Amino acid sequence: MSELSQQQQIEEIEAQLENISNKDRQESLFAEQANERFETNIKAFQKYFPEIAEKFLSHQPSDKFKLFLNENGTANFVDYDTGVPLYGEDPLAQSKSQIEQMFLNPIVGKVDHSRVEFLKNETNFVHIDLMKSIGRVYNEASRNLEDNKRIDERIPSAIIFGVGLGYYLNHFFDDFVADYISIFEPNEDYFFASLFTFDWLSFLKKVDDSGSFLYFAIGVSESEMYEALHDRANQIGAFSVASALFFQHYPSEAVNRLIAEFKGNFHQFFMGWGFFDDALLSIAHTVENSHKPVNLLKPENKISPDFNQFPIFIVANGPSLDKDIEVIKKYQKDVIVVACNSATTSLLNHGIVPDFHVALERTKATEDFLVAFVPEQTRQEINLLVLNVMYPGVLDLFGWCGVALKGNEAGTSLFHITEYLKNNRITTTIGFSNPLVGNTALSFFGSMEFKNIYLFGADNGYKDPNHHHSKGSYYYSGEGKTIHAPLKMGGELVVPGNFGGEVITDHFMHTGKVQMERFLESKLGTGLNCYNCSDGTAIKGSMPLLSEDIFIESTNVSKHEVINFIKAEPFKSLEQNINLEEFLDFNEFEQLCNVMAEILDSEINNRSDALQQLLKSLRYLFSFKNHPRFTHLYLLLEGESLYVTSVLISLLYNFGDDKEIIPYYQEAKELWKDFILEAPNQYRTRWNVLSDYSFDYSKPSV
């Protein structure tokens, strides 16, 4: 070996030793700084999010946890899914480039309101007139202005998937502000690592100083993320996710699916709120029903274990009901048959008299339907189950009637206020009871704690567009021709079927499916077995079961005994001292509306001003949401405000630039402000006016 080659080897060894020494110094310095940063971050979270601080102060990461340094001294992390580093050699430059790309090609969740202008107002609701007028302005802006594809200086919402080591958050909000920020990190270890690498204190202070609202969901599953955002939107209003910027930090199949689900189901955040006319009917019908000898469901009075195993057949009117009619007929003496409104006509046509009829739609048309299609003598044999907002005439049509309180209703809140001030207690509502009658029936019997529930015809959709309900129901003639067309609400979706394959649904029916899933999830651990025998959409939380595989065990109690027990125990007579008229609070509602209108009257010059104005008015309204005395006043305007504000925010952000859109916004906002100022007069004159929306079922609707 030559002296030169020996010298080269020595130099290489010395260089390697120097590198090792430098790396040791880097790692030692990083460890010292990282531990200091962790302590600072924990203190910051103790101030802003104490539950996060408490959780991660004692967090024990997985064996896969591997935080290491790049050659330039920046921290990196080994991705659990791929086993390779999350970042390249320069994570800071990589993160900065990612933000630049976001600005070039932002992914924004938007709602198209172009059809609002063309709504039909067959019910003469002031809500529809208002929405049509605002929809006209929306469409004018759409025709006259370019689509807005930029990220404005202030936007309603940013939804961020993945924290990683947090580098990108250093500059995420340098050039814009989001009023509502949601950060999802499905992997707790990744967030834990960011506590050592990212200055959360500065970030949290920056968000706080901007006046934004920040929400975290850490370590939650893919499905839980969706529910977390949906629940939060319900709590503070869907305007908090309107025109939402989506950002995905690191590649992930789970997050890809989640974003696709968010975009595909974005409609769910903007449906099912009710509106002003609905809220007025809620109060008028609840007040009138409170004067009747009502049997009120007390969900806290659970069904006795002697009875709660008795099988319940909930029969909705989906097209798959036809194939199961004979099975229902076979078992009708051994089960309680619960018919969901129009399903009663299908059952009666096959010689099956249901034990309970469940109705949901609160307008007079429900009475018209029952009088037209269910003979009076038959109705006297059937027990009725409805919610407190039902058209009062319906309660008198059956042999026995049971009523449950529906949550998030102005009438229910007024009832609760009266109950509490008179008797120092309130009656529990039943949850997830809309938008379909199947939701109501499931909520009734699940809330009573029955353990074995079977679903028939709860299709929440259809496989054949020409076969939308059971052919034995009033929708069809004796020859199987459609004579009453079903109402289609929202665009079509294709979803997995209960027994495989795919099912066509629309946004309205899909919401019914999701509400069933949420109810069943709320009953986890209670022993409820829900068997889905319907050949429709899959319902998570239920067990698919072909009707021919049903096996009903004999019980020690008879069907007659169970029905009598239901009517005697979970349901109790209404207290006589409940006088809702004492607490209508007309003057207080007028004051609330005047303040909202005053906020909307403030001067604005650009999109950011307009958004702040809208959100300020909503936050004022939402300050009454949990008010111990005036929640019913909040609920009078809640649904209307959510509908209108969602369109106004979409109008603001879907079209034009910062200045071009303002005249259109001003025109639409004036329509909304005039509505708010007129609302107190509407309340004073319509608080006791019942629904007059009628329907002549003797005439075909197609």
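Before reading further, recall that the structure is shown in the block above.
Computed from a prediction, not measured in an experiment: that's the story for all the values here. (Residues numbered from 1 in each chain as written. Predicted model: local features only at pLDDT ≥ 70, side-chain atom pairs only at ≥ 80, totals over all residues. Heavy atoms only, no water.)

Overall, the coordinates contain 30 salt bridges when judged by the stated rule. Here Lys513 makes a salt bridge to Glu517, at a shortest N to O gap of 2.7 Å. In this pair, Lys513 and Glu517 are both assigned in helix H16 (residues 507-522), four residues apart and thus about one turn of the helix distant. Accessibility expressed as a relative area gives 12% for Lys513, which makes it buried. Linked through salt bridges whose partners overlap, the residues forming this network are Asp278, Arg362, Lys406 and Glu409. (Salt bridge = Lys/Arg side-chain N within 4 Å of Asp/Glu carboxyl O. Helix = DSSP H or I, 4+ residues; strand = E, 2+ residues; numbered from the N terminus. Buried < 20%, exposed > 50% of the residue type's maximum accessible area, 1.4 Å probe, protein only.)

Right, let's get into the pairing of strand S17 (residues 529-532). Summarising the sheet, strand S14 (residues 452-456) and S17 pair through four bridges and their orientation is parallel. Within S17, the residue paired with Leu455 across the bridge is Asn532. The sheet contact formed by S17 and strand S18 (residues 543-544) spans two bridges and is parallel. Paired with Tyr531 across the two strands is Met543, which belongs to S18. (Pairing = 2+ DSSP bridges.)

Note: strands within a sheet are paired through backbone hydrogen bonds, in either parallel or antiparallel orientation. Spatially, S18-S17-S14-S9-S10-S11-S12-S13-S8-S19 is the arrangement adopted by the ten strands of the open sheet, whose pairing is mixed. Either end of the sheet is taken by a strand with one partner, and the two such strands are S18 and strand S19 (571-573). Relative to strand S12 (residues 383-387), strand S11 (residues 356-358) is paired through three bridges, and the arrangement is parallel. Looking across to S12, one finds that Phe356 is bridged to Asn383.

Before going further, it helps to examine the nonpolar core. Here is a general trend for soluble globular proteins: nonpolar side chains tend to be buried in one another's company. Within the largest apolar cluster, 137 residues are counted, with the highest numbers of intra-cluster contacts made by Phe172 and Phe216. Counting 41 residues, the second-largest nonpolar core is a separate cluster that includes Cys340, Phe356, Leu360 and Phe565. (Core = buried A, V, L, I, M, F, W, Y, C linked by side-chain atoms within 4.5 Å.)

Okay, the packing of aromatic side chains next. This model, assessed by the stated rule, comprises 51 aromatic pairs. Ring plane angle 15° and centroid distance 4.7 Å describe the contact between Phe38 and Phe196, whose orientation is recorded as stacked. Of this pair, Phe38 sits in helix H1 (residues 3-48) while Phe196 sits in helix H5 (residues 188-197), and the two are 158 residues apart along the sequence. Each member of the pair, Phe38 together with Phe196, is buried. Note that Lys55 overlies the ring of Phe56, its terminal NZ or CZ placed 6.0 Å from the centroid. Positioned over the ring face of Tyr653 is Arg607, at 5.4 Å from the centre of the ring. (Phe/Tyr/Trp six-rings, centres within 6.5 Å; stacked < 30°, edge-to-face > 60°. Lys NZ or Arg CZ within 6 Å of the ring centre and 35° of its normal.)

At a minimum axis distance of 7 Å, the contact between helix H9 (residues 276-289) and helix H20 (residues 631-654) shows a crossing angle of 155°. Our classification of the angle between H9 and H20 gives roughly antiparallel. Once H9 is placed against H20, the crossing between them reads as right-handed. Contacts between H9 and H20 pair Phe276, Ala279, Leu280 and Ile283 from the former with Leu635, Leu636, Leu637 and Glu640 from the latter. Here the contact of H9 with H20 is composed, by residue class, of seven nonpolar, no polar and one charged. (Axes fitted to C-alpha atoms, helices over the stretch in contact; angles between N-to-C directions. Parallel < 35°, antiparallel > 145°, perpendicular 65-115°, else oblique. Left-handed = near helix turned anticlockwise from the far one by under 90°. Contact = heavy atoms within 4.5 Å. Nonpolar A, V, L, I, M, F, W, Y, C, P; charged D, E, K, R; others polar.)

It is worth spelling out the packing of helix H19 (residues 607-622) against H20 at this point. Two elements in contact, H19 and H20, have axes whose closest approach is 10 Å; the angle formed by their N-to-C orientations is 170°. Classified by the angle their axes make, H19 and H20 are roughly antiparallel. Here Arg607, Ala610, Leu611, Leu614, Leu618, Leu621 and Phe622 of H19 come into contact with H20, specifically with Tyr634, Leu637, Glu638, Ser641, Leu642, Thr645, Leu648, Ile649, Leu652 and Tyr653. Split into classes, the residues belonging to the contact of H19 with H20 amount to 13 nonpolar, two polar and two charged.

Bringing the side chain of Gln682 into the picture now. As for its placement among the helices and strands, Gln682 is situated in helix H21 (residues 662-686). On the accessibility criterion, Gln682 (16% relative accessible area) is buried. Here Arg686 takes part through its side chain, which lies 2.7 Å from a polar atom of the side chain of Gln682. Excluding its chain neighbours within four sequence positions, the residues that come into contact with Gln682 are Val126, Phe276, Leu280 and Trp687. (Polar contact = N/O pair within 3.5 Å; in protein donor to acceptor, adjacent residues only side chain to side chain.)

That's the geometry; what it means functionally is another story.
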